[in-house]
Amino acid sequence: QVKRQMYLAIGISGQAQHLYGIRDAKTVVAINKDAEANIMQNADYYIVGTWQEAIPAIRKALGK
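Calculation criteria
Residues numbered from 1 in each chain as written. Predicted model: local features only at pLDDT ≥ 70, side-chain atom pairs only at ≥ 80, totals over all residues. Heavy atoms only, no water. Core = buried A, V, L, I, M, F, W, Y, C linked by side-chain atoms within 4.5 Å. Buried < 20%, exposed > 50% of the residue type's maximum accessible area, 1.4 Å probe, protein only. Helix = DSSP H or I, 4+ residues; strand = E, 2+ residues; numbered from the N terminus. Contact = heavy atoms within 4.5 Å. Pairing = 2+ DSSP bridges. Axes fitted to C-alpha atoms, helices over the stretch in contact; angles between N-to-C directions. Polar contact = N/O pair within 3.5 Å; in protein donor to acceptor, adjacent residues only side chain to side chain. Patch = residues over 30% accessible without salt bridge, like charges linked within 9 Å, V, L, I, M, F, W, Y side chains within 5 Å. Areas by Shrake-Rupley, 256 points an atom, 1.4 Å probe, with all protein chains shown as cover. Salt bridge = Lys/Arg side-chain N within 4 Å of Asp/Glu carboxyl O.

**So, the nonpolar core**
Y7, A9, L19, I22, A25, V28, A30, A37, I39, M40 and A43 together form the largest nonpolar core, which totals 11 residues. Of all the secondary-structure elements, those providing two or more residues to this core are β1 (6–10), β2 (27–32) and α2 (38–41). In this structure, L19 is in contact with G14, N38, I39 and N42, ignoring residues within four places of it in sequence.

This is how it looks when you write it as C-alpha cells:
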C-alpha cells in the first residue's frame, strides 16, 4: 500500500471501496459536480463543479 501525500479525485463519486483505498492519503482533494457525492464528505478540500471549470481556474490561480 502506498501512503500518498495528496490524492486528487476528479469526477470520482467515492464508493466505499474507493474510500477505503485512499484512507491513508495525507490530503484528499476532490472535484465533482455533485456536492452530495461521498468523496466530498471525505475530502479535506473540494470544489463543486466540473473538471473543465475547475482545472483552468486552479491553473490560473497557481499562475500556470
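**Re the sheet that holds β2**
Ordered in space as β1-β2-β3, the 3 strands form an open sheet in which the pairing is parallel. Of all strands in the sheet, those bounded by a partner on one side alone are β1 and β3 (45–48). When the angles between neighbouring strand axes are averaged without regard to direction, this sheet yields 10°. Sheet analysis places β1 next to β2, joined by 5 bridges and oriented parallel. By the bridge assignment, Y7 is partnered in β2 with V28.

**Remarks on the side chain of N32**
Among the secondary structure elements, N32 is positioned in strand β2. Of the polar contacts made by the side chain of N32, one reaches the backbone nitrogen of D34; its length is 2.7 Å. Setting aside its immediate chain neighbours within four residues, N32 contacts G11, I12, S13, A37, I39, M40, I47, V48 and G49.

**Quick word on a nonpolar patch on the surface**
Among the surface-exposed residues, M6, L8, I10 and W51 lie close enough to one another that they form a single nonpolar patch of about 410 Å² accessible area. Among the elements that line the nonpolar patch, the one with the most residues is β1, at 3 residues. Of note, I10 is situated in strand β1.

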